[in-house]
Amino acid sequence: AALSSAAFAGETPKVTIGGFSDFQVGIVGEDNDSTERAGAFRSDNEISFKVDGKTDSGLGYGGQINLEADTSDDADSQGFNASRTFVYMDGMWGRVQMGSDLGVSNTMKVDASSIARATGGIDGDFTYFGVGTNTPTGEQVIATPDLVLDYGAGQLGDESTENFNKVSYYTPRFSGFQAGISYLFDTNGSNRGQDVDRGDSTAGQAENVFVGAINWEGKFDQVGIMLGANGEWGNGETAATEDLRTYQVGAKFTYMGFAVAGSYGNWGDSLSTTAGLDDRDFWTVGAAYETGPFGVSVTYLDSNYQESATVDNEFNNLSVGVDYKLAPGFTPYAEVSFLEIDSGAGVGVAEDNDATVFIAGTQLSF
């Protein structure tokens, strides 16, 4: 027992408390706006607890709990109390994270949203202001640069599946390269936190799911480069469910405050219950500039989602964002997104929707 205690002795783990408080006003103008007013306020708050320790033998360990601190349920349907909880171990061999956590496809991907300012541009907060509320939910689109497991179930993405319980492993970065892999038993139900769903025959769901990612970063003179690829693999739980097979590739370049980035992602016919619906993909491109406390970006996403043998739904979003670090941890921002939803059912049908979403807000990070 004495030898065991000596081997794992170390300093008392350090606890760090942080979080953010974000207040926004959103102004929306859209074609399908029946019975809806143009403006709304929104508040988003979170408190995080991070625990980090290390033994004398060099084993790092700890965890993180991101608590929701709002007067409503989480808008992303990620949990009533917390949005992300995990424990970890790390060392020279890499890092393992276990819990209701983001997978490596989310944390290691490279796309235009990685350089977006304000709320995140094409992967930002425009989805929270009811855009498309009057568009039939059957008109599925790909509205954010995510693969299937990170996209969720909503028409404009709700992120309700990205924090499923999982185990993830990250390699050390070597010569600029890093790889990661996550594993989930299945994608049924909620399967986060204490919820357990062992169902094994649910149509439209996958089992034995692996998520993989690899990226490389380097610098030539003053030009920074990051290249990345990520994907998802899983078996359909029923004979009528297509297997989960997705991928995304992206690149980012930086130079003296300037940045450009882009990506291409493909869902194929993943988890479809109708054979042959494999024309589902998206691409992104963007540019940004940062000087001192000021930042600005322009990002664009274009996608296609094959709904049936004769219907393809198209979506595009051009987003412009600016922010200014007025004081340490205090950042006002503004963002405008120009959205277009075109249903393959025909030009001018009720399912089509054009929208402009303007968001102004202030985030306090601590």
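Note that the coordinates shown come from a computational prediction; the quantities given were computed from them, not determined experimentally. (Residues numbered from 1 in each chain as written. Predicted model: local features only at pLDDT ≥ 70, side-chain atom pairs only at ≥ 80, totals over all residues. Heavy atoms only, no water.)

### Regarding the overall build of the protein chain
- When helices and strands are tallied, the protein chain shows three helices and 16 strands.
- Computed over the C-alpha atoms, the radius of gyration of the protein chain is 21 Å, within 12% of the 21 Å expected from 2.2 N^0.38 for a compact globule of 366 residues.
- Considered along the principal axes of its C-alpha atoms, the protein chain spans approximately 75 × 55 × 45 Å.
- Burial status across the protein chain gives 46% buried among its 366 residues.
- Summed over all atoms, the accessible surface of the protein chain reaches about 17,500 Å², with 58% contributed by carbon and sulfur.
- Here the protein chain holds 18 positive side-chain charges and 53 negative ones, and the gap between their average locations is 12 Å. (Helix = DSSP H or I, 4+ residues; strand = E, 2+ residues; numbered from the N terminus. Rg over C-alpha atoms; globule rule 2.2 N^0.38 Å. Buried < 20%, exposed > 50% of the residue type's maximum accessible area, 1.4 Å probe, protein only. Areas by Shrake-Rupley, 256 points an atom, 1.4 Å probe, with all protein chains shown as cover. Lys, Arg positive; Asp, Glu negative; His and termini not counted. Charge placed at Lys NZ, Arg CZ, Asp CG, Glu CD.)

### Here's the deal with the pairing of strand 9 (residues 223-236)
- Strand direction decides the pairing type here: strand 8 (residues 206-220) and strand 9, joined by 13 bridges, are antiparallel. Paired with Glu217 across the bridge in strand 9 is Met226.
- Judged from the twelve bridges that link them, strand 9 and strand 10 (residues 244-255) form a sheet pairing that is antiparallel. Among the inter-strand pairings, Gly231 is bridged to a residue of strand 10, identified as Tyr247. (Pairing = 2+ DSSP bridges.)

### Considerations on the pattern of salt bridges
- Evaluation of the coordinates by the stated rule reveals ten salt bridges.
- When the shortest N-O distance is used, the salt bridge between Asp44 and Arg42 registers 3.7 Å.
- The salt bridge involving Asp111 is made with Lys109; its shortest N-O contact spans 3.5 Å. Comparing Asp111 with Lys109, the two get one shared label, buried.
- Each of Arg42, Asp44 and Asp125 takes part in a single network of salt bridges with overlapping partners. (Salt bridge = Lys/Arg side-chain N within 4 Å of Asp/Glu carboxyl O.)

### What to know about the side chain of Asn313
- Note on placement: Asn313 falls in strand 14 (residues 312-324).
- Reaching out from Asn313, the side chain makes a polar contact with the backbone oxygen of Gln140 at a distance of 3.1 Å.
- Polar contacts involving the side chain of Asn313 include one to the side chain of Glu307, which spans 2.5 Å. (Polar contact = N/O pair within 3.5 Å; in protein donor to acceptor, adjacent residues only side chain to side chain.)

### Describing the confidence of the model for the protein chain
- When pLDDT is averaged along the protein chain, the result is 90; 92% of the residues meet or exceed 70.
- The least confident element of the protein chain, judged by mean pLDDT, is helix 1 (residues 2-8) at 47; the most confident is strand 11 (residues 258-266) at 98.
- pLDDT under 50 marks residues 1-7. Its contacts with residues more than four places away, or in other chains, come to one contact. (pLDDT = per-residue confidence, 0-100. Contact = heavy atoms within 4.5 Å.)

### Focus: unusual backbone geometry
- Not every positive phi belongs to a glycine, and Ser175 is a case in point at roughly 55 degrees.
- Judged by its relative accessible area of 55%, Ser175 is exposed.
- Even without being glycine, Asn208 reaches a positive phi, approximately 50 degrees.
- You can see Asn208 is positioned in strand 8.

### What about the packing of aromatic side chains?
- According to the stated counting rule, one finds ten aromatic pairs in the structure shown.
- Here Trp216 and Phe220 contribute two aromatic rings whose centre-to-centre distance is 6.4 Å and whose plane-to-plane angle is 40 degrees, an arrangement assigned as tilted.
- With a relative accessible area of 52%, Phe220 lands in the exposed category.
- Centroid distance Phe258 to Tyr289: 4.4 Å. Interplanar angle 35 degrees. Geometry classified as tilted. Note that Phe258 is positioned in strand 11 and Tyr289 in strand 12 (residues 280-291), a separation of 31 residues in sequence.
- Note on Phe258: relative accessible area 49%, which makes it partly exposed.
- The rings of Tyr151, Trp267 and Tyr305 are connected pair by pair, giving a single aromatic cluster.
- The lysine or arginine in question, Arg42, covers the ring of Tyr128, its NZ or CZ lying 3.8 Å from the ring centre.
- Over the face of the ring belonging to Tyr88 we find Arg95, whose NZ or CZ atom lies 3.9 Å from the ring centre. (Phe/Tyr/Trp six-rings, centres within 6.5 Å; stacked < 30°, edge-to-face > 60°. Lys NZ or Arg CZ within 6 Å of the ring centre and 35° of its normal.)

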